[in-house]
Structure formats: structure tokens, C-alpha cells
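What follows is the residue order along each chain.
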Amino acid sequence: MNISQIHLAPMVGRTDFFFRALIRILSKEINLYTEMITCDTFIHTDRKDYKVHPEEHFIAIQLAGSKPEMFSKCASMVKDNHYDEININVGCPSSKVVKGEFGACLMKSPDLLAEIIQSIKSQVDLPVSIKTRLGLDYDEDLSLLIELIDKTSEAGCRKFIIHARNAILGGMSPKKNRSIPSIRYHDALQIKNKYPHLQFILNGEINDLETIGMYVETFDGLMIGRKIYDDPMFLQNIYRGSNDMPKLSRTEVLDMYLQTISPHMKGKSNYILLRHLFGLHYNTPSSKKWKKLLHEVIQEEQSINRLLEFKEN
Ligand SMILES: Cc1cc2nc3c(=O)[nH]c(=O)nc-3n(C[C@H](O)[C@H](O)[C@H](O)COP(=O)(O)O)c2cc1C
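Residue numbering note: each chain is counted from 1, following its sequence as written. The predicted origin of the model limits local features to residues at a pLDDT of at least 70 and limits the giving and counting of side-chain atom pairs to 80 or more, whereas totals for whole chains, interfaces and linings rest on all residues. Side-chain measures were taken over the full set of non-hydrogen atoms in the model, leaving aside hydrogen atoms and water.

S.K.: Is there a simple way to think about the environment of E205 in this case?
M.R.: Along the chain, E205 falls in the loop between β7 (199-203) and α8 (209-215). Between the alpha carbons of E205 and K51 there is a distance of 30 Å; along the sequence they are 154 residues apart. In DSSP terms, a helix is any run of H or I states spanning at least four residues, a strand is any run of E spanning at least two, and both are numbered starting from the N terminus.

Structure follows, in C-alpha cells:
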């Protein structure tokens, strides 16, 4: 398996600097993505928060919006932040996103998407990718996606991340939209085969080694979200046998994580620093005890060093 083919899915509230730091300890090769950031937020926020740290590469910034001029402005700013790629969110179905007319509903506007790509390309010489769904609502016809790929590839997009299910726009929560409707890998594969000159990354419910083994060579990459968040040590199973990383114990991972984040702790609550560690002992006899300790340290703002005294069962 080519280990550079694994991508960590962008997840709001999860794939912040601290979670990415944890994941980078477990794999030098995995491709990282930021949380989704609207163009408006990116333009108006303190860009220090979006600074890329040298060990983070490969890292893409995921932008959401619908106005080419806003993307163009963001693109000129991204240049100074040293991201490796700009990814456009065309998959998020939340009602806020639909009202703002971006995310998944942009599947209906392939010409606008092509314009957005051109506006980014006019500012910065970075690859642009799109993360999208197979279609909208319950229509399993692939023509929306095909038109999107035709027009955006012509505008210069060469990489498509396909969350292999439709997005339901009529008010279904984003959470439900990640399990309903069902996954259709075969349709994603049909798209991949139609465009051999473009790159396709498969996403959605890739939760075990069997599924990874089945699709890793068929697609140009696999993107994994919830499984890695819930069970970060799963990455060690993926990369077993590769030269990416020596096998680390959970204690070593914790130790390295606390060292990595120590220059970034000032002014941050324990919640921000530690909230992504709940899955560290996922499905082990120590899991319950670990979560209890972590809760205490977070809620009572206790010394983080207490975590280093944790003994596995
Ligand atoms: C908490 C959470 C937040 C998410 N935020 C984003 C996001 O910011 N941008 C995006 O494109 N997808 C987002 N997603 C969707 C994931 O990137 C991914 O497409 C989805 O979870 C399916 O992959 P999985 O089954 O491997 O988790 C989010 C998913 C979760 C669980």
C-alpha cells in the first residue's frame, strides 16, 4: 500500500491544530486538512490561527463560500500561510450552509464552481481540489456530479474527494447526513473509471482494514474521518509494515503529543488542549479509566502532568 494515499477528513470542531498534531505523531505521511473555514471567516479572522507549522505538510485548507471574489481574496492570503492545496467544500449539507448557498448545494452550480476555481488560480499557483457528494437528495443519477467534474476539471481542478453518498438538503441534520442515505462505492468507482486522467479520493465509512485493502489501489487515495477521530491508534494498523513510523505505545504517543503542543499551550484551556485525546485508549480495558481521568483533568483544570502518571490496566 502506498501510505501517502491516506487522507484525514476535514471535520469542524475536530481537525484543529491540536488534533492534527496528534495525528502527525502517528503518521508522517497522512495528508491533513483543516476544518472547513468560510471565506468570510478566513478574511476577517486572526490569520495566526491558520498558520501552518512545518511538520504539518501535506496540509490543505478547506474553504467554503460561493463568491469567486471572496475565494480570490482568500487565495492571495493563503499564499503567505504556506498551505499545500486549497480544497473547496461542496459536500456540507447543514441548513446554515444551504442558506449561504455553498457546501453541497453548489453541486447545482457547476459554472459558478468553475469560476471559483479560475479566481483562485488567478491568485495562486496551488493545486485546487473539491470535496463533494455523489448527488443531491434521493436522486441516484450521477449527471450532476459528471457536469461538476467536466466543468471544474476544465477550469483546472484535478483532484476530487468523493463522499460516496448523496447529500439531503431539506433540513436533515449534518450528523444524519453522514449515515443516510447509504454509501455507494460502486458509483464512486464508475466516476473514477470515467476520468482516468483525474485523481479520485474515496470517502465515507472506511472503518476497517478490509475496506482499505479493497479500495486503496482502485482509487488514488482514501479519506477517513470518524474512525481515525474515535480511534487514532488505528493509524498504526494502517501503516503496519511501512517505514512511516515505528510502532509507538499509547504512553509514548501521549508523551510526544504533550511535548509537541507545549509551545502552543499559553492561554489555552485544558479542554482545547486535551479534548481530542478521549479515543487514545479506544476499545482497550483501560478506556473507561482513561476517559474518567481526562474528564477530571479537563473539567477541574488540573495539571496536565497528571496524565503522564496514567497506568494502563
Ligand atoms: C464532526 C464532523 C465534522 C465535519 N466537518 C466537515 C468539514 O468541515 N468539511 C467537510 O468537508 N466535511 C466535514 N465532515 C464530513 C467528513 O469530512 C467526512 O466526509 C464524513 O465524516 C464521512 O467520512 P467518515 O465516514 O470517514 O467519517 C465532518 C464530519 C464530522 C463527523
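S.K.: Would you mind going over the domain arrangement of the chain with me for this structure?
M.R.: Many analyses report the size of an interface as the accessible area lost when the parts associate. When its domains are assigned, the chain resolves into domain 1 (3-238) and domain 2 (266-309). Throughout, a contact is declared for two residues whenever any of their heavy atoms are within 4.5 Å. Across the contact, 12 residues belong to domain 1 and nine residues belong to domain 2. Carbon and sulfur atoms supply 62% of the area buried between domain 1 and domain 2, which totals about 890 Å² over both sides. Accessible surface is computed with a 1.4 Å probe, and the buried area is the amount of it that two parts give up when combined, taken over both parts together. Together, F18, L22 and Y229 form the three largest contributors to the area buried by domain 1 at its contact with domain 2, with a combined 42%. A pairing counts as a salt bridge when a side-chain nitrogen of Lys or Arg comes within 4 Å of a carboxyl oxygen of Asp or Glu. Where domain 1 packs against domain 2, one counts one salt bridge. In this structure, R275 engages D16 in a salt bridge whose closest nitrogen and oxygen atoms are separated by 3.0 Å. Bear in mind that the domain bounds are from an automatic or database domain assignment.

S.K.: How should I be thinking about the nonpolar core in this particular structure?
M.R.: Note that soluble globular proteins tend to have their nonpolar side chains buried in a common cluster. The criterion is simple. A nonpolar core is a set of buried Ala, Val, Leu, Ile, Met, Phe, Trp, Tyr and Cys residues joined through side-chain atoms within 4.5 Å. Each residue is assigned to one of three classes by its accessible area relative to the maximum for its type, calculated with a 1.4 Å probe on protein chains only: buried under 20%, partly exposed between the two thresholds, exposed over 50%. By size, the foremost hydrophobic cluster in this structure holds 102 residues, and its most contacted members are I88 and L274. In terms of residue count, the dominant contributor to this core is helix α1 (residues 17-26) (eight residues). Counting contributing residues, this core receives three or more from each of domain 1 (3-238) and domain 2 (266-309). Beyond its immediate sequence surroundings of up to four residues, I88 is in contact with L63, F71, L113, I116, I117, I120, V128, S129, I130 and K131. Counting six residues, the second-largest nonpolar core is a separate cluster that includes A9, Y33, I161 and I201.

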